[in-house]
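Summary of the model geometry
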Amino acid sequence: MRADRLVAALLFLQTRQRVTAAELAAELDVSERTARRDLEALASSGIPVYSQAGQGGGWSLVGGARTDLTGLTAPEIRALFLLTGPDTGADPQTRTALRKLVRALPATLREGAEAAARAGVSDGTDWAGAETEEARLAPLQRAVVDAREVRIGYARPGREPRERTVQPLGIAAKSGVRYLVAGTEHGLRTFRIGRVTSVTETGAPAVRPEGFDLPTAWRALAARMEDRMVAATVRGRAAPGTESVLEGLLGGRIRYGERAADGWAPFEADGPSPAVVAAQLAGLGARVELLDPPEARTTLARIGAELTLLYGRSTPPGTPEAPPRAPGSAVTPPG
């Protein structure tokens, strides 16, 4: 995993006055490109690592070769441990690397490092015990860092998984949801990692578009997704006390008007389509009334008719009818 490589790279820098990306690549058994990215990640996280170009150049740690890491300040040590991830949820190799780093620290810095290592926990299963996106996140991160093409299984809601060959370019997070940004035969696309069902390297290198910049690409992709999320607007009214439920369902896509004398609040809500918004609000029953467009009302009427047909009968389908009771017979109450 990248976490243990970053720690190993830092320790390797401690034993050398200056190292090249090629030397680090040979030490870590990775490509030179991966080694260079790891060095850049250390520098961007606040570790005092700098590069020097030209003959005899390379990467150095400010303060020179120090086995006790005294070239690092307490905030820099905490930044490194937070960067590598929580110790509790890490794999055995990462935990071993973190323990080695803690032992190399001066006693005055150890407490802060150990606190940072305990600052979180990662659980790779959901409440039902099934694997969550964590199982797919690690191989996707490796594919991005190592620039390797992958074939992923991807399941959209209500559909069977389909396999696609993609060029992993980065991982983006929005409101706690993580996405793979990848090149496809149709251009740049995003894939919600929680919907990825499998990850397999094809053995081919990933093709990275010339001049690709992840933050710029993500902003453009996110803007397109946001446009689709607010393509339609519905109007309705909500009963008193319903606002918190609506906000939980729709977030910032709902806007309220002035409450009426009967306590009901008019609102406008945005979504991909009137039918999608109506389906999201169907569970609120009579506490919400949609007024327009007609498509939203038609959708709710159809959902209501389907539920009435399914649940309106006195007994569930397949349940034997109770035998008729003789006239005048008493019903024995349950004991």
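Residues numbered from 1 in each chain as written. Predicted model: local features only at pLDDT ≥ 70, side-chain atom pairs only at ≥ 80, totals over all residues. Heavy atoms only, no water.

**Let's talk about the packing of helix H2 (residues 21-28) against helix H3 (residues 32-44)**
The criterion, for reference: The angle between two axes is taken between their N-to-C directions and runs from 0 to 180 degrees, where each axis is a line fitted to C-alpha atoms and a helix contributes only its stretch in contact. Comment: elements are numbered from the N terminus, with helices defined as DSSP H or I runs of at least four residues and strands as E runs of at least two. An angle below 35 degrees is read as roughly parallel, one above 145 as roughly antiparallel, one from 65 to 115 as roughly perpendicular, and any other as oblique. Here a residue-residue contact requires only that any non-hydrogen atoms of the pair lie within 4.5 Å. Amino acids are sorted into nonpolar (Ala, Val, Leu, Ile, Met, Phe, Trp, Tyr, Cys and Pro), charged (Asp, Glu, Lys and Arg) and polar (every other residue, Gly among them).
As a packed pair, H2 and H3 sit with axes 8 Å apart at the nearest point and diverge in direction by 105°. Judged by the angle between their axes, H2 and H3 are roughly perpendicular. Taken together, the residues of H3 that come into contact with H2 (itself represented by Ala21, Ala22, Leu24, Ala25 and Leu28) are Glu32, Ala35, Arg36, Asp38 and Leu39. Residue classes in the contact of H2 with H3 are distributed as seven nonpolar, no polar and three charged.

**A look at the packing of aromatic side chains**
For the record, the criterion: For Phe, Tyr and Trp, where Trp contributes only its six-membered ring, two rings pair if their centres lie within 6.5 Å, and the inter-plane angle classes them as stacked under 30 degrees, edge-to-face over 60, or tilted in between. Burial classes follow relative accessibility: with a 1.4 Å probe on protein chains only, a residue under 20% of its type's maximum area counts as buried, one over 50% as exposed, and anything between as partly exposed.
Using the criterion set out here, one finds two aromatic pairs in the structure. Geometrically, the ring pair formed by Tyr154 and Phe191 is edge-to-face, given 5.2 Å between the ring centres and 85° between the ring planes. Taken together, the positions of Tyr154 in strand E3 (residues 148-154) and Phe191 in strand E6 (residues 187-192) put the pair 37 residues apart, joining distant regions of the chain. Exposure remark for Tyr154: the relative accessible area of 7% places this residue in the buried category. Between Tyr179 and Trp218, the ring centres sit 5.5 Å apart and the planes meet at 40°, which makes this aromatic pair tilted.

**Looking at the pattern of salt bridges**
Convention followed: Salt bridge, as applied in this entry: a Lys or Arg side-chain nitrogen positioned within 4 Å of an Asp or Glu carboxyl oxygen.
A complete count under the given rule lists 12 salt bridges for this structure. One salt bridge connects Asp292 with Arg235, and the closest N-O pair in it is separated by 2.5 Å. Here Asp292 is found in strand E11 (residues 288-292), whereas its partner Arg235 is found in strand E8 (residues 232-238), with 57 residues between them in sequence. Note on Asp292: relative accessible area 25%, which makes it partly exposed. Accessibility expressed as a relative area gives 36% for Arg235, which makes it partly exposed.

Shape descriptors only; they carry no functional weight alone.
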